[in-house]
Amino acid sequence: MSSDLYSPSRTERAAGSLQCRLCGHEHREIPLQPGERALCARCGGVLAKASRVGGSGALALTLAGCVLAIPAVGMPFVTVDRLQNERVGYLLTGPEMLWSEGMRLLSIAVVLCGILAPLLLLAMLAVMLAPPRGYWPGTVRTALMRLAHTLEHWAMPEVYVLAVLVALTKLGTLVNVHVGPGFWCYAGMTIALLAAWRNFALAPDQPPPLRHARRHASRRSGALAFAAAVMLIPANLLPVLNTSTRGIERTDTILSGVLGLWKDGLYAISIIVFAASILIPLLKLVGLTWLLYAARHGTTRKVGLTRLYSTLEFIGRWSMLDVFLVAFLAGLVRFGGLATIEPRIGIVAFGAAVVLTVLATDAFDSRLLWQPRPGTGRAPSLSPAPALPSPS
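Summary of the structure given here. Note that the structure is predicted; figures quoted are calculated from it, not measured.

With respect to the overall build of the protein chain
Then step 1. Counting secondary structure elements, the protein chain contains twelve helices and twelve strands.
Then step 2. Classification of the 392 residues of the protein chain by burial places 50% in the buried group.
Then step 3. Across the protein chain, contacts joining residues at least 24 apart in sequence account for 75% of those joining residues at least 6 apart.
Then step 4. A total of about 17,900 Å² of accessible surface is found on the protein chain, and carbon and sulfur atoms cover 63% of it.

What follows is the structure in structure tokens.
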């Protein structure tokens, strides 16, 4: 989901005195038309965004998502059969299998990112949009908005949908597949949630004061990034999946799984899995290392590195695709000697690496890129500037 920030005003005006969360620059209030965004005058980051459909439209989308969530959880996602043996997969089938295999932390991560966070975000939007939304106490509304931003950060239903589509393509080579109503309801819920979030006039999540953050934030982000890099070693060397078909077993690492998809002629799926499971984690670690170095030693490429940080924030969630994929496949294909897919320890290490990279990116404060280098004096005083309106 997009990390854009939104304006709370019913008259579609950006809030007065907005601070850019990416560079810390202060801005004055400006009017926004429906669908317009307010961009930072210094780094180009999004300060606020006016809804295209208004509060009523966003509420309708949210309620539609809530209604679709009920059958998405309770109805069959996929039915597979092989030689008259049939299995039905539900939304919770994959996490339940991971839990039974002793991979409980990974099971919790799948439930949180694919099920719990999206459902809670829908409920949060419904509460904040439902009348009388204008009468919430300021402290309560601020707390709800911060919680909504946190939930949006971890809600990854669109990644889960893509993982299921990839799984269905792979399953077609092993068993007969019938897509159930639960999947279509979940996909519809995902579309409704994405549309509601983009059209919800949510107040910007203003950053906290930048207090001695150079040392603290850099150290925490660096430690998390280092831990992620360490976990990527076993994640890429150890097997993540074991497939048994009529007594013939095949154990795959992430890379061999990508190559297997390519050999089977599933070129597009192979490229998607390679990008999500290998390319994006490596790019995130390289990008984070560059950002940490620049924050510590100073840089003249502040705008470019700030945009790099925004890109890392966006792409990080897509690495969960392989985790969702393994959970879904392993929970569904259980036909004994005919066909069985089982998760292996490598997927636990990979899941840990993905979570750690997301936390490392979140721990980094891009405003550090705009601070003066130690010993060069204070930053110049900047008077509030008007934000730059831009069509969405």
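Quick word on the pattern of salt bridges
Then step 1. Counting across every chain of the model gives five salt bridges.
Then step 2. Where Arg21 meets Glu313, a salt bridge forms, and the shortest distance between an N and an O atom there is 3.1 Å. Here the residue Arg21 occupies a position in the loop between β1 (18-19) and β2 (26-28), and Glu313 occupies one in helix α10 (residues 302-315), the gap between them amounting to 292 residues.
Then step 3. In this structure, the salt-bridge partner of Asp365 is Arg367, at a minimum N-O distance of 2.8 Å.
Then step 4. For Asp365, a relative accessible area of 17% corresponds to the buried category.

Comments concerning helix α1 (residues 54-74)
Then step 1. Taking 1.5 Å of rise per residue, the 21 residues of α1 would be expected to cover 30 Å, and the 32 Å separating its terminal C-alpha atoms lies within 8% of that figure.
Then step 2. Buried residues along α1 sit in contact with α3 (104-129) and α6 (181-199).

A closer look at the packing of aromatic side chains
Then step 1. Applying the stated criterion to the full structure yields eight aromatic pairs.
Then step 2. On the numbers, 5.9 Å between centres and 80° between planes, the contact of Phe77 with Phe183 is edge-to-face. Taken together, the positions of Phe77 in the loop between α1 and β5 (78-82) and Phe183 in helix α6 put the pair 106 residues apart, joining distant regions of the chain.
Then step 3. Relative accessible area serves as the criterion here: at 0%, Phe77 is assigned to the buried category.
Then step 4. Residue Phe183 is classed as buried on the basis of its relative accessible area, which comes to 2%.
Then step 5. Clustering of aromatic rings is evident, with ring pairs tying together Phe77, Tyr160, Phe183, Trp184, Tyr186 and Phe324.

A few points about the packing of helix α8 (residues 254-263) against helix α9 (residues 267-297)
Then step 1. In contact at an axis separation of 8 Å, α8 and α9 are set at 165° when each is read in the N-to-C sense. Taken together, the axis directions place α8 and α9 in an arrangement best described as roughly antiparallel. Two packed elements cross with a definite hand, and for α8 against α9 that hand is left-handed. Mapping the contact onto sequence places Ile254, Leu255, Val258, Leu261 and Trp262 in α8 and Tyr267, Ile269, Ser270, Ile271, Val273, Phe274, Ser277 and Ile278 in α9.

Here we look at the pairing of strand β8 (residues 241-245)
Then step 1. Among the five residues in β8, four count as buried, and that is most of the element.
Then step 2. In this sheet, strand β9 (residues 248-252) lies alongside β8 in antiparallel orientation, the contact comprising five bridges. Within β9, the position partnered with Thr245 by the bridge is Ile248.

With respect to empty space enclosed by the protein
Then step 1. The tally for this structure, following the rule as stated, stands at one cavity of 30 Å³ or more.
Then step 2. Here the largest cavity is characterised by a volume of approximately 90 Å³.
Then step 3. Lining the largest cavity, in full, are His153, Met156, Lys284, Leu312, Glu313, Gly316, Arg317, Val358, Thr361 and Asp362.
Then step 4. Listing elements by their share of the lining of the largest cavity, those giving two or more residues are α10 and α12 (345-363).
Then step 5. In terms of residues, the lining of the largest cavity owes the most to one element, α12, which gives three residues.
Then step 6. Taken together, the residues that form the lining of the largest cavity break down as three nonpolar, three polar and four charged.

Topic: a nonpolar patch on the surface
Then step 1. Judged by side-chain polarity, Ile233, Leu237, Leu238 and Ile345 come together as a nonpolar surface patch covering roughly 400 Å² of accessible area.
Then step 2. Here Leu237 is to be found in helix α7 (residues 213-237).

Let's talk about the packing of α3 against α6
Then step 1. Interhelical geometry of α3 versus α6 gives an angle of 50° and a closest axis separation of 11 Å. In terms of orientation, α3 lies oblique with respect to α6. Viewed along their axes, α3 and α6 form a crossing whose handedness is left-handed. For the pair α3 and α6, the contacting residues are Gly114, Pro118, Leu119, Leu121, Leu122 and Leu125 in the first and Tyr186, Met189, Leu193, Ala196 and Trp197 in the second.
Then step 2. In terms of residue class, the contact of α3 with α6 is made up of ten nonpolar, one polar and no charged.

Examining the environment of Asn176
Then step 1. Note on placement: Asn176 falls in strand β7 (residues 176-179).
Then step 2. The exposure class of Asn176 is partly exposed, given its relative accessible area of 44%.
Then step 3. As a C-alpha pair, Asn176 and Asp81 span 95 residues in sequence and 5.3 Å in three-dimensional space.
Then step 4. In this structure Asn176 touches Thr79, Val80 and Asp81, once residues within four positions along its chain are discounted.

What counts, and at which threshold
- Residues numbered from 1 in each chain as written.
- Predicted model: local features only at pLDDT ≥ 70, side-chain atom pairs only at ≥ 80, totals over all residues.
- Heavy atoms only, no water.
- Helix = DSSP H or I, 4+ residues; strand = E, 2+ residues; numbered from the N terminus.
- Buried < 20%, exposed > 50% of the residue type's maximum accessible area, 1.4 Å probe, protein only.
- Contact = heavy atoms within 4.5 Å.
- Areas by Shrake-Rupley, 256 points an atom, 1.4 Å probe, with all protein chains shown as cover.
- Salt bridge = Lys/Arg side-chain N within 4 Å of Asp/Glu carboxyl O.
- Expected span 1.5 Å × (residues − 1).
- Phe/Tyr/Trp six-rings, centres within 6.5 Å; stacked < 30°, edge-to-face > 60°.
- Axes fitted to C-alpha atoms, helices over the stretch in contact; angles between N-to-C directions.
- Parallel < 35°, antiparallel > 145°, perpendicular 65-115°, else oblique.
- Left-handed = near helix turned anticlockwise from the far one by under 90°.
- Pairing = 2+ DSSP bridges.
- 1 Å grid on protein atoms, 1.4 Å probe; cavity = no way out; pocket = protein on both sides within 12 Å on 5 of 7 lines; lining within 4 Å.
- Points joined across faces, edges and corners; volume = space filled by probe spheres on them.
- Nonpolar A, V, L, I, M, F, W, Y, C, P; charged D, E, K, R; others polar.
- Patch = residues over 30% accessible without salt bridge, like charges linked within 9 Å, V, L, I, M, F, W, Y side chains within 5 Å.

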